[in-house]
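# Commentary on secondary and tertiary structure
In case you want the letters, here they are:
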Amino acid sequence: MSKGTAPIEKNETYHVTFHDLTHDGAGVAKVEGFPIFVAGALPGETGVIKVVKVKKGYAFGRLVELQQESEYRVESACPIYKQCGGCQLQHMSYEGQLQAKHKQVVEVLARIGQLQDVNVHPVLGMDEPWRYRNKAQVPVGEREGGLVAGFYQQRSHDIINMEECLIQEQINDDLVQGAKKICELNGVRAYDEERHRGNLRHIMVRYGQMTGEAMVVLVTRENKLPNQEKIIEEIRKISPNIKSIVQNVNNKKTNVIMGDVTKVLWGEEYIYDYIGDIKFAISARSFYQVNPKQTKVLYEQALNYAELNGSETVIDAYCGIGTISLFLAQRAKRVYGVEIVPEAISDAKRNAKINGMENVDFAVGEAEKVIPWWYAQGIRADVLVVDPPRKGCDDALLQTIIEMKPKRVVYVSCNPATLARDLRVLEDGGFKTIEVQPVDMFPHTTHVECVAQIILKV
Ligand code: SAH
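Please read these numbers as outputs of a predicted model, since none were measured by experiment.

## Thoughts on the site of the ligand
Close to the ligand lie 18 residues; Y299, T323, E339, A367 and D387 are nearest. Contacts to the ligand include E339, whose side-chain N or O atom sits 2.7 Å from an oxygen atom. Within the backbone of A367, one N or O atom sits 2.8 Å away from a nitrogen atom of the ligand. Those elements that place two or more of their residues in the shell around the ligand are α6 (323-329) and α8 (367-376). By residue class, the composition of the shell around the ligand is 10 nonpolar, four polar and four charged.

## Digging into empty space enclosed by the protein
In the structure shown here, the tally under the stated rule is one cavity of 30 Å³ or more. Estimated volume of the largest cavity: approximately 60 Å³. What lines the largest cavity is simply A136, V138, A149, G150, M162, E163, E164, C165, Q168, D173, V176 and Q177. When residues of the lining of the largest cavity are traced back to their parent elements, those giving at least two are β7 (135-143), β8 (146-152) and α3 (170-185). By residue number, the principal contributor to the lining of the largest cavity is α3, which donates three residues. A breakdown of the residues in the lining of the largest cavity according to their chemical character gives six nonpolar, three polar and three charged.

## Notes on helix α5 (residues 292-306)
Each full turn of the α-helix corresponds to 3.6 residues, which orients residues three or four apart in the same direction. For α5, with 15 residues, the first-to-last C-alpha span of 20 Å sits near the 21 Å given by 1.5 Å per residue. On its buried face, α5 sits against β14 (271-275), α6, β19 (383-386), β20 (408-413), β21 (431-439) and β22 (449-456). Looking one or two residues beyond α5, the residue adopting positive phi is E307, at roughly 45 degrees.

## Focus on the sheet that holds strand β5 (residues 58-68)
Reading around the circumference, β1-β2-β3-β5-β4 is the order of the five strands in this closed barrel, with mixed pairing throughout. If you compare each strand with its neighbour and ignore which way they point, the axes differ by 50 degrees on average. Relative to strand β3 (residues 34-38), strand β2 (residues 27-31) runs antiparallel, the two being bridged by five bridges. If you follow V28 over to β3, its bridge partner there is F37.

## A closer look at the UniProt feature "active site" (unreviewed entry) in the protein chain
The UniProt feature table records "active site" (unreviewed entry) at C414. In this fold, C414 is placed in the loop between β20 and α10 (416-428).

## Digging into the UniProt feature "binding site: S-adenosyl-L-methionine" (unreviewed entry) in the protein chain
As recorded in UniProt, the feature "binding site: S-adenosyl-L-methionine" (unreviewed entry) lies at Q289, Y318, E339 and D387. Along the chain, Y318 turns up in the loop between β16 (313-317) and α6. With sequence-adjacent residues up to four places away left out, Y318 is seen in contact with V338, E339, A367, E368, V386, D387, P388, P389, G392, C393, D394 and L397. You can see D387 is positioned in the loop between β19 and α9 (395-404). Excluding anything up to four places from it in sequence, D387 contacts Y299, A317, Y318, I324 and V412.

## So, the pattern of salt bridges
Within this structure, the stated rule accounts for 20 salt bridges. The partner of R189 in a salt bridge is E142, with the nearest N and O atoms 2.9 Å apart. With R189 in the loop between α3 and β10 (200-207) and E142 in strand β7, this residue pair connects regions lying 47 residues apart in the sequence. For E142, a relative accessible area of 29% gives the class partly exposed. One salt bridge in this structure joins E307 and R408, with 3.9 Å as the shortest N-O distance.

## A few points about the packing of aromatic side chains
Scanning the model with the defined rule gives six aromatic pairs in all. Between F37 and Y58, the aromatic rings sit 5.7 Å apart at their centres with planes inclined by 40 degrees, giving tilted as the arrangement. With F37 in strand β3 and Y58 in strand β5, this pair connects stretches of sequence that are 21 residues apart. For F37, a relative accessible area of 21% corresponds to the partly exposed category. Where Y58 meets F60, the ring centres are 5.8 Å apart and the plane angle is 90 degrees; that geometry is what we call edge-to-face. Taking relative accessible area as the criterion, F60 reaches 32% and is therefore assigned partly exposed. Through a chain of ring-to-ring contacts, the aromatic side chains of F37, Y58 and F60 assemble into a single cluster. Cation over ring: R201 sits above Y191, and NZ or CZ is 4.2 Å from the ring centre. Directly above the aromatic system of Y272 lies the positively charged group of K279, at a separation of 4.8 Å from the ring centroid.

## Quick look at the sheet that holds β10
Across the sheet, which stays open at both edges, the seven strands sit in the order β9-β8-β7-β10-β11-β12-β13 with mixed pairing between neighbours. The open sheet has two edge strands, β9 (159-161) and β13 (261-267), and neither has a second partner. Pairs of neighbouring strands in the sheet enclose a mean axial angle of 35 degrees, with direction left out of account. The sheet strands contacting α3 are β7, β8, β9, β10, β11 (214-220) and β12 (242-249), and the helix crosses β10 at an angle near 150 degrees. Against the sheet, helix α4 (residues 228-238) engages β11, β12 and β13, with an angle of about 140 degrees to β12.

What counts, and where the lines are drawn
- Note on numbering: residues in each chain are counted from 1, in written sequence order.
- Local features in this predicted model are restricted to residues whose pLDDT is 70 or higher, and side-chain atom pairs enter the listing and the counts only when it is 80 or higher, whereas totals over whole chains, interfaces and linings include all residues.
- Derived side-chain values reflect all non-hydrogen atoms in the structure, with water molecules and hydrogen atoms excluded from consideration.
- Nearness of a residue to a molecule or strand requires only that one of the residue's heavy atoms be within 4 Å of it.
- Contacts described as polar in this section are N or O atom pairs within 3.5 Å, which, within protein, must combine one atom able to donate a hydrogen with one able to accept it, while residues neighboring in sequence count only if both atoms come from side chains.
- The way it works is that DSSP assigns letters per residue, a run of H or I at least four long becomes a helix, a run of E at least two long becomes a strand, and they are numbered from the N terminus.
- Gly is placed with the polar residues, together with every amino acid not listed as nonpolar (Ala, Val, Leu, Ile, Met, Phe, Trp, Tyr, Cys and Pro) or charged (Asp, Glu, Lys and Arg).
- Only protein atoms enter the 1 Å grid used here, on which a cavity is any set of points holding a 1.4 Å probe that cannot leave and a pocket is any open set flanked by protein within 12 Å on both sides along at least five of seven lines; residues with an atom within 4 Å of a point are listed as lining.
- Grid points are joined across faces, edges and corners, and a volume is the space filled by probe spheres set on the points.
- Multiplying 1.5 Å by the residue count of a helix minus one yields the expected span of that helix.
- Note on contacts: a residue pair qualifies if any of its non-hydrogen atoms lie within 4.5 Å across the two residues.
- Here, strands pair whenever DSSP counts at least two bridges between them.
- All axes here are fitted lines through C-alpha atoms, helices being fitted over the stretch that makes contact, and every angle between N-to-C directions spans 0 to 180 degrees.
- UniProt positions are given in the numbering used here, feature names are shortened, and annotations may be inferred rather than shown by experiment.
- Salt bridges are counted wherever a side-chain nitrogen of Lys or Arg sits within 4 Å of a carboxyl oxygen of Asp or Glu.
- Partly exposed describes any residue whose relative accessible area lies between the buried limit of under 20% and the exposed limit of over 50%, with all areas from a 1.4 Å probe on protein chains only and scaled to the type maximum.
- The pairing test for Phe, Tyr and Trp rings, Trp by its six-membered ring, is centres within 6.5 Å, and the orientation test on the planes gives stacked under 30 degrees, edge-to-face over 60, and tilted for anything in between.
- Note on geometry: a ring has a charge over it if NZ (lysine) or CZ (arginine) is within 6 Å of the ring centre and within 35 degrees of the ring normal.

Listed below in structure tokens is the structure:
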């Protein structure tokens, strides 16, 4: 349908019924079949909207008046929910969120993957879906001479101060607030992005939920931190859980948070945490899952789907710091992990070592190049696990899987759309998708993770 024939007009108001949610959490209504996306509206609701933008084939509207409310509508718990944008579903009850995520997975598998008959289990949610994040990373600015730390106002670079974030560990809020105050009292100026002046850019904190160990990272433009000794002494007093205080220097004009130089100001270079029985070393710059409780749920399901008896050779593609590889290595003969980021592979090797695991090999490189090479060397996986980024698996990798014919493929996905696309390729190449388990790793946001079990058809 072209713009000229859209059945609606900009600035006009319409009475509509919402029947769906988009992937970013907006309500979807239709006027004569023409979809309109309206932030803040929920499926099942009716109301009056004003059209603010008409595009080819769809439009955006603003909610003017809500008439019939959804049974899942709740008051958002966070006072800055609308300004922040970090969460998208706080106006929906947690039960409603889990149902919406399930529906999304079922629909996307059917639409993109033509997988109508796959068993998609109910989403595994959290018993306590608040304060789950183990890492906070907040930009610092100045207002009226004082420091502010929080989040960028949407579509701008102004920093809004945030006293607390309800999806963050409590200790992370305390450490961010404390460190901000201490830096302010000790004459640290905030970084000014426009003029590339000032010093403190970000405060980052990480917390090991199983060990109770915390790390504070001050990301600065300059190498020098005024009153460094005093700042360290004061930060240490905030909490006995602090095991590490680190400065990272980033003197570039960039949106990338961390720079290349990291200095331990006090304590250890690493803090530790556990996922299941496996111990992980976490440095200021390491990748580490932000919700380890649900990561454990997701990866245990991956391990179940792998159905290992100890005799298998397993490949873990897109292995990151080796979380899944080490889970699998507990029950397999040998595990090969491949990952593109060299630092992640160094962490993976360190993690294998601190857990005394010797049946894992890690390689740096693109999964779609390294796995065909392994295959050419005669390595045959009985089970292949993939956990790709949002864009899904490279086609060359899928073709190698089809040639290699592992008995089982376990697909961990953070994007149901690319999961569905890749499952279709595997189905056409001789595999069958048995079931899919969605897991809620990021309550109150629109993200949904899935793990799928796929078997070779005989
Ligand atoms: N299972 C991992 C996380 C996977 S996230 C863990 O628990 O740590 C996806 C990973 O894929 C990221 O670490 C990213 O760096 C990596 N990656 C992206 N493209 C890749 C490619 N072409 N080949 C291998 N790894 C890739």
